[in-house]
Each structure stands twice: as C-alpha cells, then as structure tokens.
Amino acid sequence: SGPTRKMPPSASAMDFFQLFVPDNMLKNMVVQTNLYARKFQERFGSDGAWADVTLAEMKAFLGYMVSTSISHCESVLSIWSGGFYSNRGLAGVMSQARFEKILKYFHVVAFRSSQAAHGLYKVQPFLDALQSSFDTAFRPSQTQVLHEPLIDEDPVFIATCTERELRKRKKRKFSLWVRQCSSTGFIIQIYVHLKEGVGPDGLDALKNKPQLHGAVARNLCRNAAGKNYIVFTGPSITSLALFEEFEKQGLSRGERREPGSAPESGAGRGSGGVASAQTMRGGLLWEQITPGPSWDLLGTRAEGVIIKRRSGEVPCPLAVEAFAAHLSYICRYDDKYSKYFISHKPNKTWQQVFWFAVSIAVNNAYILYKLSDAYHVQRYSRAQFGERLVRELLGLEDASPTP
C-alpha cells in the first residue's frame, strides 16, 4: 500500500493537501460563493460591504477553518478576539468582518439542479471529487476496516459535557462512515448517511440498525469487488443479512464465524478510553471479500485462541486475532488524528459534512507526507503540518520553496 505518485522532497504541506483539494476545486467554490451572494442580494437587498471573493481569499478562508483543527477553539472568530485563542499572526491576513461575510455566503453548490433531490446536493460534487482524488493518490493495503470515525464523540468528552452542550450536540443529522487502510490509517472512502427524510435510504426505511449498516457497508465496498481485499467490520456493522447480501453480489465467500464478545474479564464498556473502544468493538465478526490465494496464506482458516463464554468455549479463528490487531490500529488512528477535526460547528448539515470531509483530506495529506521523501527533510508532527498548511493557505509562507 502507499502513494501512487512520488512527491519531491521539497513538497510542502500545501502540495499534499492540493492532491485532494486542488485550485480548480477552490476556484469552483469562488464562483459558487459569488453566485450565491449575488442571488441572495437580489432577493434580500444589496450588501454594500460585499465584494466578490477571490481565490486567495478562499484559500485564506479555508486556512482559518483548518486552524481550528489545531487550536480547538469554540469559534473560529476567536482568532480575532483578544482571548486565549486569538492569533495576531493569522488575524492580519483578513479582517474579521470580511471573514464573516465570506462565511455568510460560502457555497460549494449555489443552486439545486432539477435532478438533485437529495439533502447533500450542496456538497456532493465536492465529496465525489474528493473520492476520486483519494482513489488516484493512494493504493490501500489488502486489509481494511469499515468504521465510524470518532467525530469528537469521545466518551470521556461526553462525561464532562454540561446538559446544554449535550443538547446542542444531539443536533447532528448524519452519520459518517469510512473504509480505512489498516496499515497506514489512510481513509480510502467516506460514506455519509443522512438520518432524516423518507425514501429508501431515509430514517423511516432504516428504523432497524442492520438495514442501515447494510446500506453503509454496501456503499463503502462498492468498488472493492475483485480486488482481493480483506475488509474487517466491527460488531455494530456486521449482520447475517449483510453477509448474505455480500454473497449475493459475489463479493464475499468463505466461512463466517462468530466468536462472540471479547473475554469478559477485559475492560467493560463503561471504563472509557481506548481499552473500552477495543473491547466494545471486540464482538468480533468478520467478512472476507473475494477470497483469493491469500485466503489460505493468511491462515484465516486456522484456529486461533479459544474465547470462553458462559455458553461454552468458542474457537476463535486467526482472522479474529488479526482483526483485533487492526482494531487496535484504528483506535490508535482515532487517538492520533480524530482530534484534528475542524472544530467550527455550523448549523447546516451540508456545511458540517463539508468541514468533516476537509478534515479527513488534511489527515490523508499528512499520511501521504509521512510516506514521502519530504518527511525525511522536515519531519513535521501532525500539529506542525497543520500549522504549516494554515500559513501556506493564508499566504504567510511560500507554499513550494524551490530547492
């Protein structure tokens, strides 16, 4: 697994980010934002303080948002305040008033086209473009994991929340699932499920979890057939119905075993932290997608440890031990990277999805950077990489220094 093209040792944070969010994508946001501002003012009266946004401003706008993934301030506007999160160095690039104007009109898709019926039409072209850039920039390893990344819903965090904060947090109207390369943590595919609405994918149709998880897994494995991947799923997403569904599509053959939950002596659900994440996801079920020669090479048919349960002993195939190792990797990934999600919390669902997707793009950019020659030149940590990217987006650093 790894990057599909070689980046020069002089490549900057911006160069890696622009593998996923290139200028043409940003120029499109400029056009759509200006269109929306024009339409808005035709309808609600002209806005003397507005001037069309430029590409440089759009980059700076994105830079300010990305900066909240490093500082975790409650509001992006605190950059201009005199408080703890204020940042004179960044604040000088654009006035707060100008930033707020761009925020007011910001759009990826300004108008609904006749065929765009679903709720994510304002961000779908961006998600599609991102997906295709993830596909071309990276070759995943054979083993992958389907899961819901921790979007600031860490149990420790929830325990310290006030009632008011918890009420505010319940507002998220979508769940975000990913297929992730288990050897690098690179997120290969994103699937966003809207929790409201009618129709075959709406909440009404998916009152029961297995159906939702089936939809999630089908979407996340759409382009996995014939690639000889082994895709691990946690207990929440695996069901007999889903396994049968995969078999119908010719995606999944081979034995399916259910070794049950993790050893009962292990850390329980309530203990918080990583141990509970591992054991919680430890009710281990697994799917093998298009088994090939690797099926036997991996020893997946062989018996591994025995898990003791009240109902007797359950032999546990080695695949499950492999799965546990991959999940511990995912837990490490969550610890390492999910805290770098943009902390700006807009009310509109499409905007929330957009900023999550941008956060994932930045994490993926860092993973590619770590796998490249550029890492041996600079060795930035994830936070340093984020800070560099912000400065480059704001035009405070030259993005690509010529060697």
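These notes cover the structure that comes with them. Note that the structure is a prediction, hence the values are computed from the model and not measured. (Residues numbered from 1 in each chain as written. Predicted model: local features only at pLDDT ≥ 70, side-chain atom pairs only at ≥ 80, totals over all residues. Heavy atoms only, no water.)

So, on to the overall build of the protein. Tallying secondary structure elements over the protein gives 16 helices and 9 strands in all. Across the 403 residues in the protein, those meeting the buried criterion constitute 50%. Entry remark: accessible area of the protein is about 19,100 Å², with carbon and sulfur atoms responsible for 54%. (Helix = DSSP H or I, 4+ residues; strand = E, 2+ residues; numbered from the N terminus. Buried < 20%, exposed > 50% of the residue type's maximum accessible area, 1.4 Å probe, protein only. Areas by Shrake-Rupley, 256 points an atom, 1.4 Å probe, with all protein chains shown as cover.)

A separate point is a nonpolar patch on the surface. Side chains of V31, L35 and F111 sit close together on the surface and give an oily, nonpolar patch of about 230 Å² of accessible area. Structurally, F111 is set in the loop between helix 5 (96–105) and helix 6 (124–137). On the basis of relative accessibility, which here comes to 37%, the residue F111 falls in the partly exposed class. (Patch = residues over 30% accessible without salt bridge, like charges linked within 9 Å, V, L, I, M, F, W, Y side chains within 5 Å. Salt bridge = Lys/Arg side-chain N within 4 Å of Asp/Glu carboxyl O.)

Aromatic ring pairs are defined here through the distance separating the ring centres and the angle between the ring planes. One pass over the structure, following the stated rule, counts 29 aromatic pairs. Seen from their ring centres, Y366 and Y369 are 5.7 Å apart, and the 40° between their planes marks the pair as tilted. Highlighted residues: Y366 and Y369, both in helix 14 (residues 349–370), separated by 3 residues, approximately one helical turn. Here the two residues Y366 and Y369 agree in accessibility, since each one is buried. Connected via pairs of aromatic rings, a cluster forms that spans F61, Y64, W80, F99, F106, F126, W350, F354 and W355. Above the plane of the ring of F111 lies K39, whose end atom (NZ or CZ) is 6.0 Å from the centre. Sitting above the plane of the W50 ring, R98 keeps its charged end 4.8 Å from the centroid. (Phe/Tyr/Trp six-rings, centres within 6.5 Å; stacked < 30°, edge-to-face > 60°. Lys NZ or Arg CZ within 6 Å of the ring centre and 35° of its normal.)

With that settled, the discussion passes to the side chain of N363. By the secondary structure assignment, N363 is in helix 14. Polar contacts involving the side chain of N363 include one to the side chain of R382, which spans 2.9 Å. Those residues in contact with N363 that sit more than four places away from it in its chain are Y333, Y337, Y340, F341 and R382. (Polar contact = N/O pair within 3.5 Å; in protein donor to acceptor, adjacent residues only side chain to side chain. Contact = heavy atoms within 4.5 Å.)

On the surface, R332, K336, K370 and R379 cluster together into a positively charged patch. Relative to the elements of secondary structure, R332 occurs in helix 13 (residues 318–337). Of the residues examined, R332 reaches a relative accessible area of 48% and is grouped as partly exposed. (Lys, Arg positive; Asp, Glu negative; His and termini not counted. Charge placed at Lys NZ, Arg CZ, Asp CG, Glu CD.)

This part covers the pattern of salt bridges. Pairing is possible between side chains of opposite charge, provided their charged atoms come close. Per the counting criterion, the structure on display carries 8 salt bridges. D47 serves as the salt-bridge partner of K101, at 3.3 Å between the closest nitrogen and oxygen. Of this pair, K101 sits in helix 5 while D47 sits in the loop between helix 2 (23–44) and helix 3 (55–71), and the two are 54 residues apart along the sequence. Where R391 meets E397, a salt bridge forms, and the shortest distance between an N and an O atom there is 2.5 Å. Overall, the relative accessible area of 32% leaves R391 in the partly exposed class.

Direction vectors running N to C along helix 2 and helix 3 enclose 100°, while the axes themselves pass 9 Å from each other. In terms of orientation, helix 2 lies roughly perpendicular with respect to helix 3. On helix 3, the residues that touch D23, L26, K27, M29, V30 and T33 of helix 2 are L55, M58, K59 and L62. Taken together, the residues of the contact of helix 2 with helix 3 break down into 6 nonpolar, 1 polar and 3 charged. (Axes fitted to C-alpha atoms, helices over the stretch in contact; angles between N-to-C directions. Parallel < 35°, antiparallel > 145°, perpendicular 65-115°, else oblique. Nonpolar A, V, L, I, M, F, W, Y, C, P; charged D, E, K, R; others polar.)

Before going further, it helps to spend a moment on the environment of V358. Along the chain, V358 falls in helix 14. A relative accessible area of 1% means that V358 is categorised as buried. Sequence separation between V358 and L130 is 228 residues; the distance between their C-alpha atoms is 9.0 Å. Discounting chain neighbours no more than four positions away, the residues touching V358 are F17, V66, F126 and I342.

Before going further, it helps to examine the nonpolar core. Core analysis: the largest hydrophobic core is formed by 80 residues, its most contacted members being F16, F20, V21, F126 and F354. With residues up to four places along the chain from it excluded, the contact list for F354 reads M29, L62, F106, V108, V123 and F126. By size, the runner-up hydrophobic cluster in this structure holds 12 residues, among which are L146, L220, A224 and V231. (Core = buried A, V, L, I, M, F, W, Y, C linked by side-chain atoms within 4.5 Å.)

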